[in-house]
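Examining the three-dimensional arrangement
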Amino acid sequence: MKSSPQDPIQRPRGRRNPLLRSDFSGSGKTGRREQVAAEGQEGAKSRVRPRPPLSKTRQHGAAPENAFTVAPESAQDVSTARSVPNNGGSGAAETQTKKLILQRGPRAELLPAAIDQLWQANPLQKLLPIDWGAITQALSTLSARSMANPLHTTTVATNLSLKLWRESAETWISAASGWWGLAPQSQEKGPRTESDRRFDAPEWEQHPFFRLLKQSYLAISDQLLEEAGRDTLDPAERLRLMFHVRQLVDATSPTLFLPTNPAALRRAFETGGGSVANGVRHLIADLREGRLSMTDTEAFAPGKNLALTEGKVIYRNRLIELIQYAPLTNQTYAVPLLFIPPWINKFYILDLQPKNSLVRFLLDQGFSVFMISWKNPDASMEDITFDDYMTDGPLAASNVVREITGAEHLNPIGYCIGGTLLAMTLAYLAASRDDRFGPATFMVSLQDFSEVGDTAVFMDEPQIEFMERRMLERGYLDSSDMANMFNLLRSNDLIWNTVINNYLMGNKPPAFDLLYWNNDGTRMAQRAHSFYLHNTYLENNLIEPGKLSLLGQPIDLRRIRQDVYAIGAEKDHIVPWRSAWRIAQLTSAKTRFVLAASGHIAGMINPPSKGKGGHWTNETDGAAFETPEAWLPGAQKHDGSWWADWAKWLEARSGRKTTAMTVGSAAHPPIGDAPGTYVLEK
């Protein structure tokens, strides 16, 4: 493989996780596109929608005067490097940084590329989606910044050394006092340790070696994160830098290694080494399967102990199965409900088990419930378009629901990106004066993609281009690619806790319905997914009237006038609640916005019977506020789930109760039991 000054090392094709690709050395758009052409990817031009310029909401704008370039791709082409503001840095520091980075030239890419190739050769990379090449690049960026400001670097190093010496002295003095029978000095836990479950074992406080190891790790990792978060980069670059430094910090925790994990060592002694042997067996089994086992995959299955609510599949096309659930009350509201779940996940998150099923809750309240179940695409569906997802999805389903129930209108519910599709569909129908959909509900859904939270790390232009290459090779985007992305956003909870439980402690993966669903992903059809990514994350076209079109109809969210109920989640790292709130400003609807406690999934799947969590409501129309910060002070806190508040809102907009109808009709007789066949496809 040849190399050039502009592209010192070309990465191998088809081996890297596309969603973990990061570039701290500038956008490098020209080099990557030339590389695609050189590889003969002529088909990409015909199948991938041409990209207009980035919208203003996604551009960083011109570089300020006090800017320096960080890690240009080559010393010969400095003009293509990303300009990064240097807030608070001296002119001498800026000049020094330029010199240091330019001196590195093409060699700056050698080490990250070599690290990346070594990791790809490691069998563990199948289990742990860590981008060590990008982490190395991030450390290189921190190193260049440190050398450019020696005064700051010296101060930081001195303070860190003093802190480590102080921790060491206090730890050993306390230990010595205990050995001599004296009262040990009180050692208060810091706020970081109080909430860090990795260090729950008593040895982390009681044993001097483990306590000093823990305190040293926390001090060094906190300092690294503080340096990565310094306001010297533009927000997008700082987010990527922080993300990869945090991945390094999490991946090097002493709890992840048997000799430095006291709980794992204690269990090894208690079991006579049995836990170590079990851990090795679990590791070998996962390597054979090529995935990290987060849950007991044999413990659950849709139709067996998940998705148990009684119903029938009453319609099927190439993209969806439509499920009608059997009523649980003698009378039901006249206006039916139609769920539009995300097509990147399976629908049964809304119907896990009877105790936490949102579907069953609504049936108990007397609603008629219909559910779209998306097909799991394969390579034969690569030409399916986003228009097809609308026509064969909510439009086709609504026709069937109205025919079966005789209702003129139905109330739609969009969950996550299902809500994004719902917003587009409502705007499309409004332009045609089609009022089949009544008041709409949006659950943790984005329409404005200006602020997308932590997922912005994976959704810049170079990474989307890389995803498109992978989709062109396969005809779809594999579900494991998306799963790795979301797992990395909560790596301690979803990856490293699993590593400790399965491999160090030797325990079987837990039987947890939510984790089973999380691992039961779906693929993405190539053309449809590419259209979605470009028009949302990359270009944010949905908020610009007429910029996006479906079936030739320009989409304008301002045409949406039916009442809206929107829910955001306080700790959502996928759809920040302030972004979910934006629907109140984007439409012409009267909007009731509700803020739920917890995160993207736990905040939504929170049945009232649990009595957990809470939510905030504001009786004033959300459109009356200019910002979510203005909405929040007038919101009232309530304990428990938001489901009851939503049911009350739906009741007022679902007509009168009538005798419950049978499932299906003469035109659409039942063709199978719920949960159907599409949800079972792997």
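Residues numbered from 1 in each chain as written. Predicted model: local features only at pLDDT ≥ 70, side-chain atom pairs only at ≥ 80, totals over all residues. Heavy atoms only, no water.

1. Concerning the overall build of the chain
- Broken down by element type, the chain carries 24 helices and 19 strands.
- Looking at the chain alone, contacts between residues at least 24 apart form 80% of all its contacts between residues at least 6 apart.
- If you sum the accessible surface of the chain, you get close to 29000 Å²; carbon and sulfur atoms cover 53% of it. (Helix = DSSP H or I, 4+ residues; strand = E, 2+ residues; numbered from the N terminus. Contact = heavy atoms within 4.5 Å. Areas by Shrake-Rupley, 256 points an atom, 1.4 Å probe, with all protein chains shown as cover.)

2. Details of the sheet that holds strand β15 (residues 591–596)
- Across the sheet, 11 strands lie side by side as β17-β16-β15-β14-β9-β8-β6-β7-β4-β3-β19; this open sheet has mixed pairing. Looking at the sheet topology across the chains shown, the edges are occupied by β17 (636–639) and β19 (672–673).
- Summarising the sheet, strand β16 (residues 614–617) and β17 pair through four bridges and their orientation is antiparallel. The residue of β17 that forms the bridge with His-615 is His-638.
- Across the sheet, helix α15 (residues 417–431) lies against β6 (337–340), β7 (369–374), β8 (411–415) and β9 (440–443), angled at about 135 degrees from β8, the strand it touches most. (Pairing = 2+ DSSP bridges. Axes fitted to C-alpha atoms, helices over the stretch in contact; angles between N-to-C directions.)

3. Brief notes about the packing of helix α14 (residues 386–405) against α15
- As a packed pair, α14 and α15 sit with axes 11 Å apart at the nearest point and diverge in direction by 85 degrees. When the axis of α14 is compared with that of α15, the two are roughly perpendicular. Where α14 approaches α15, its residues Phe-386, Tyr-389, Met-390, Pro-394 and Leu-395 are matched on the opposing element by Leu-421, Met-424, Thr-425, Tyr-428 and Leu-429. (Parallel < 35°, antiparallel > 145°, perpendicular 65-115°, else oblique.)

4. Here we look at the packing of aromatic side chains
- Inspection of every chain in the model, using the stated rule, returns 23 aromatic pairs.
- Residues Phe-361 and Trp-643 carry aromatic rings whose centres are separated by 5.2 Å and whose planes lie at 50 degrees to one another, so their mutual orientation is tilted. With Phe-361 in helix α13 (residues 358–364) and Trp-643 in helix α24 (residues 643–651), this residue pair connects regions lying 282 residues apart in the sequence.
- The exposure class assigned to Trp-643 is buried, which follows from its relative accessible area of 1%.
- Considering the side-chain rings of Tyr-532 and Tyr-537, the 6.2 Å spacing of their centres and the 80 degrees angle between planes classify their relative orientation as edge-to-face.
- Under the relative-accessibility criterion, Tyr-532 is labelled buried at 4%.
- Taken together, the ring pairs in this structure connect Trp-343, Trp-374, Phe-386, Tyr-389, Phe-449, Phe-531, Tyr-532 and Tyr-537 into an aromatic cluster. (Phe/Tyr/Trp six-rings, centres within 6.5 Å; stacked < 30°, edge-to-face > 60°. Buried < 20%, exposed > 50% of the residue type's maximum accessible area, 1.4 Å probe, protein only.)

5. Focus: helix α10 (residues 235–251)
- Relative to the 24 Å expected for 17 residues at 1.5 Å per residue, α10 spans 24 Å between its end C-alpha atoms, a close match to the ideal helical length.
- When α10 is considered as a whole, its buried residues turn out to be Glu-237, Arg-240, Leu-241, Phe-243, His-244, Val-245, Gln-247, Leu-248, Val-249, Asp-250 and Ala-251. (Expected span 1.5 Å × (residues − 1).)

6. With respect to a nonpolar patch on the surface
- A surface patch of nonpolar side chains, amounting to about 470 Å² of accessible area, comprises Trp-172, Trp-179 and Trp-180.
- When you line up the elements, Trp-172 lands in helix α6 (residues 150–179). (Patch = residues over 30% accessible without salt bridge, like charges linked within 9 Å, V, L, I, M, F, W, Y side chains within 5 Å. Salt bridge = Lys/Arg side-chain N within 4 Å of Asp/Glu carboxyl O.)

7. A short note on the nonpolar core
- Ranked by internal contacts, the top residues of the largest apolar core, which has 148 residues, are Leu-350, Leu-362, Met-443, Met-604, Trp-642 and Trp-646.
- In terms of residue count, the dominant contributor to this core is α15 (nine residues).
- Residues within four places of Trp-642 in sequence aside, it is in contact with Met-443, Tyr-565, Ile-567, Val-594, Ala-596, Gly-603, Met-604 and His-615.
- Grouped together as the second largest cluster of nonpolar side chains are 14 residues, Ala-138, Ala-201, Leu-241 and Val-249 included. (Core = buried A, V, L, I, M, F, W, Y, C linked by side-chain atoms within 4.5 Å.)

8. So, the pattern of salt bridges
- Scanning all chains against the criterion turns up 23 salt bridges.
- Between Glu-205 and Arg-211 there is a salt bridge, with the nearest N and O atoms lying 2.6 Å from each other.
- Assessed through its relative accessible area of 21%, Glu-205 is described here as partly exposed.
- One salt bridge in this structure joins Arg-240 and Glu-237, with 2.8 Å as the shortest N-O distance. Taken as a pair, Arg-240 and Glu-237 lie in helix α10 at a separation of three residues, close to a single helical turn. The same class applies to Arg-240 and to Glu-237, which are both buried.

9. Details of the side chain of His-282
- With respect to the helices and strands, the residue His-282 is situated in helix α12 (residues 274–289).
- Within the local environment of His-282, its side chain forms a polar contact with the backbone oxygen of Asn-502, the two atoms lying 3.0 Å apart.
- With near-sequence residues (within four places) excluded, His-282 lies in contact with Asn-502, Tyr-503, Gly-506, Asn-507 and Lys-508. (Polar contact = N/O pair within 3.5 Å; in protein donor to acceptor, adjacent residues only side chain to side chain.)

10. Brief notes about the confidence of the model for the chain
- In the predicted model, the chain carries a mean pLDDT of 82, and the fraction of residues at 70 or more is 81%.
- Across residues 189–194 the pLDDT falls below 50, and counting only partners more than four positions away or on other chains, this stretch makes 10 contacts in the model. (pLDDT = per-residue confidence, 0-100.)

11. A look at unusual backbone geometry
- Put simply, Ala-674 and Pro-675 share a cis peptide bond, and its omega is 10 degrees.
- Within the secondary structure, Pro-675 sits in the segment after β19.
- In this model, Ala-307 sits at a positive phi of 55 degrees, which is unusual for a non-glycine residue.
- Topologically, Ala-307 is positioned in the loop between α12 and β3 (311–316).
- For Arg-433, which is not a glycine, the phi torsion comes out positive at approximately 60 degrees.
- Position of Arg-433 relative to the elements: it lies in the loop between α15 and β9.
- Taking relative accessible area as the criterion, Arg-433 reaches 79% and is therefore assigned exposed.

12. A few points about the pairing of β6
- The alternating pattern of β6 places Leu-337 and Phe-339 and Leu-338 and Ile-340 on opposite faces, both of which are buried.
- Across four bridges, β6 lies against β8 in parallel orientation. Note on β8: the bridge partner recorded for Ile-340 is Gly-414.
- Pairing of β6 with β7, which is carried by three bridges, proceeds in the parallel orientation. Residue pairing across strands places Leu-337 opposite Val-369, the latter belonging to β7.
- For the crossover that starts at β6, traverses α13 and ends in the parallel β7, the hand is right-handed. (Right-handed = clockwise from strand over helix to strand, strands pointing away.)

13. As for the pairing of β8
- Burial runs high along β8: five of the five residues are buried.
- The two faces of β8 match: Asn-411, Ile-413 and Tyr-415 on one face and Pro-412 and Gly-414 on the other face are all buried.
- Both β8 and β9 contribute to a ladder of three bridges, which runs parallel. Paired with Ile-413 across the two strands is Thr-441, which belongs to β9.

14. Details of the side chain of Thr-136
- Looking at the element boundaries, Thr-136 is found in helix α5 (residues 132–148).
- A residue is classified by how much of its surface remains accessible, and Thr-136, at 17% relative accessible area, is buried.
- Those residues in contact with Thr-136, other than ones at most four positions away along the chain, are Leu-111, Pro-112 and Ile-115.

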